[in-house]
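Remarks on the overall topology
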Amino acid sequence: CRSEADWLIGINGTRAMTAFNSQDGGFYLTTVGRVQTPTLTLVVEREEAIRKFVSRPYFEVHAEFDVEAGQYPGRWFDPAFKKSDDDSEARAERLWDRSSAEAIERACQGQQAQVTEETKPSSQSAPMLFDLTSLQREGNARFGFSAKATLSLAQALYERHKVLTYPRTDSRALPEDYLETVRDTLGILRDESSERLSAITGGSGGNPIGPHAGKILNNDWIKPNKRIFNDAKISDHFAIIPTGKLPPAKLDEGAAKIYNLVLRRFLAIFYPHAEFEITKRITRVGEDAFKTDGKVLIVPGYLEVYGRKPGIAAEADELVAAEDGETAQTAEVEVKENLVGDR
């Protein structure tokens, strides 16, 4: 079919277009192709649209609402909006007239609102144990450490302090016969109650390591699990985890941060999944509606290791908990101006 299309469209089309463009004299080769011609059409149409594009301002109304669990944002939208071919830039949340946006702002400022929610359950498992690459990425994302700096710190924790396993590994699993070793390590962490470990791992702020290690052991969460214990996913060395030795009383800040990353990841992987509700929240202030999309943490699961609590928003895509039908208070309303096509 492809070969015949090349002949029917390509050869015949090229002959026809060349003849058409050469009818007034001369020879003007005009190629046509089964793929070439529609692709060029897309490029030309897009370029034409870019050249004809005229940026124009639009307005959005953003608000902050207070409920019993805390505060969350919302953006005004038109529930009756329907997409139209007349204006490809129209959106349910866009207003083209500043006076209309300011009228909504005045009408909603300081008013009570009614919350309605549509939710569906979702779960999230703990991330896998660290190999060197994932540890370097995490060190850079959280602390701005270069890959070289993270490796140097992890190597020092392995060689000098003996508190981490070999860091130059590309494996993220443990040997299948490592269950008892893991239990022994967690037992040491559970029984360690000195201020030294709390200071190094951030436990002095109310999230100590010992209770988490104890909870894993008490609930017998260390069981054969191919996601954690898998000989097939191990090359020369297994994942980076804490050893049974505790860090020294004085550990420099960078090393303490890397040790804490590895230690909490090691604890988290044995915890159950975190449970969320994917939430579409509509907040109505009189006749105006504001939409908020996000997720609400219901059961912290492994996130408990990181100090998370249910109903509290800690990430950009998370919301504080609210009950369906709960009354909210409009804390703040603001009109924001943007431009269509503004990058």
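What follows covers the pattern of salt bridges. Within this structure, the stated rule accounts for 17 salt bridges. Note that Glu 48 and Lys 52 form a salt bridge whose closest N and O atoms lie 3.0 Å from each other. You can see Glu 48 and its partner Lys 52 sitting in helix α2 (residues 36-52), four residues apart, about one turn around the helix. A relative accessible area of 40% means that Glu 48 is categorised as partly exposed. Between Arg 56 and Asp 87 there is a salt bridge; the shortest N-O distance is 2.6 Å.

Attention now goes to helix α5 (residues 147-159). For α5, spanning 13 residues, the distance from its first C-alpha to its last is 18 Å, which sits close to the expected 18 Å at 1.5 Å a residue. Taken together, the buried positions of α5 are Thr 150, Leu 151, Leu 153, Ala 154, Gln 155, Ala 156 and Leu 157. Buried positions along α5 lie against α4 (132-143) and α9 (253-268).

Spatially, the six strands close up into a barrel ordered β1-β2-β5-β4-β3-β6, and their pairing is antiparallel. Strand-to-strand, the axes of this sheet are offset by a mean angle of 35°, without reference to chain direction. Summarising the sheet, strand β4 (residues 274-285) and strand β5 (residues 288-299) pair through 11 bridges and their orientation is antiparallel. When the sheet's bridge partners are listed, Phe 276 is paired in β5 with Leu 297. Contacts from helix α3 (residues 98-108) reach β1 (57-67), β2 (70-77), β4, β5 and β6 (327-339) within the one sheet, and its direction differs from that of β6 by about 165°.

Across three bridges, the pairing between β2 and β5 is antiparallel. Within β5, the residue paired with Trp 76 across the bridge is Phe 290.

A word on the layout of surface pockets. As a volume, the largest pocket reaches approximately 330 Å³. Gln 124, Arg 142, Tyr 302, Leu 303 and Glu 315 are the residues nearest the centre of the largest pocket, which is lined by 17 residues in total. Residue assignment for the lining of the largest pocket shows that the elements contributing at least two residues are α4 and α9. Counted by class, the lining of the largest pocket contains seven nonpolar, two polar and eight charged residues.

The next point concerns the packing of α4 against α9. Geometrically, a packed helix pair is captured by the angle between its two axes and the distance between the axes. The interhelical angle for the contact between α4 and α9, taken along N-to-C directions, is 120°, at an axis separation of 11 Å. Classified by the angle their axes make, α4 and α9 are oblique. Two packed elements cross with a definite hand, and for α4 against α9 that hand is right-handed. When α4 is examined against α9, the residues Leu 135, Glu 138, Gly 139, Arg 142 and Phe 143 are found in contact with a partner set consisting of Lys 257, Ile 258, Leu 261, Val 262 and Arg 265.

Okay, the side chain of Glu 318 next. Position of Glu 318 among the secondary structure elements: in the loop between β5 and β6. A polar contact of 3.2 Å, which involves the side chain of Glu 318, links it to the backbone nitrogen of Ala 314. Beyond its immediate sequence surroundings of up to four residues, Glu 318 is in contact with Phe 276, Lys 295, Arg 308, Ile 312 and Ala 313.

What counts and how
Residues numbered from 1 in each chain as written. Predicted model: local features only at pLDDT ≥ 70, side-chain atom pairs only at ≥ 80, totals over all residues. Heavy atoms only, no water. Salt bridge = Lys/Arg side-chain N within 4 Å of Asp/Glu carboxyl O. Helix = DSSP H or I, 4+ residues; strand = E, 2+ residues; numbered from the N terminus. Buried < 20%, exposed > 50% of the residue type's maximum accessible area, 1.4 Å probe, protein only. Expected span 1.5 Å × (residues − 1). Contact = heavy atoms within 4.5 Å. Pairing = 2+ DSSP bridges. Axes fitted to C-alpha atoms, helices over the stretch in contact; angles between N-to-C directions. 1 Å grid on protein atoms, 1.4 Å probe; cavity = no way out; pocket = protein on both sides within 12 Å on 5 of 7 lines; lining within 4 Å. Points joined across faces, edges and corners; volume = space filled by probe spheres on them. Nonpolar A, V, L, I, M, F, W, Y, C, P; charged D, E, K, R; others polar. Parallel < 35°, antiparallel > 145°, perpendicular 65-115°, else oblique. Left-handed = near helix turned anticlockwise from the far one by under 90°. Polar contact = N/O pair within 3.5 Å; in protein donor to acceptor, adjacent residues only side chain to side chain.

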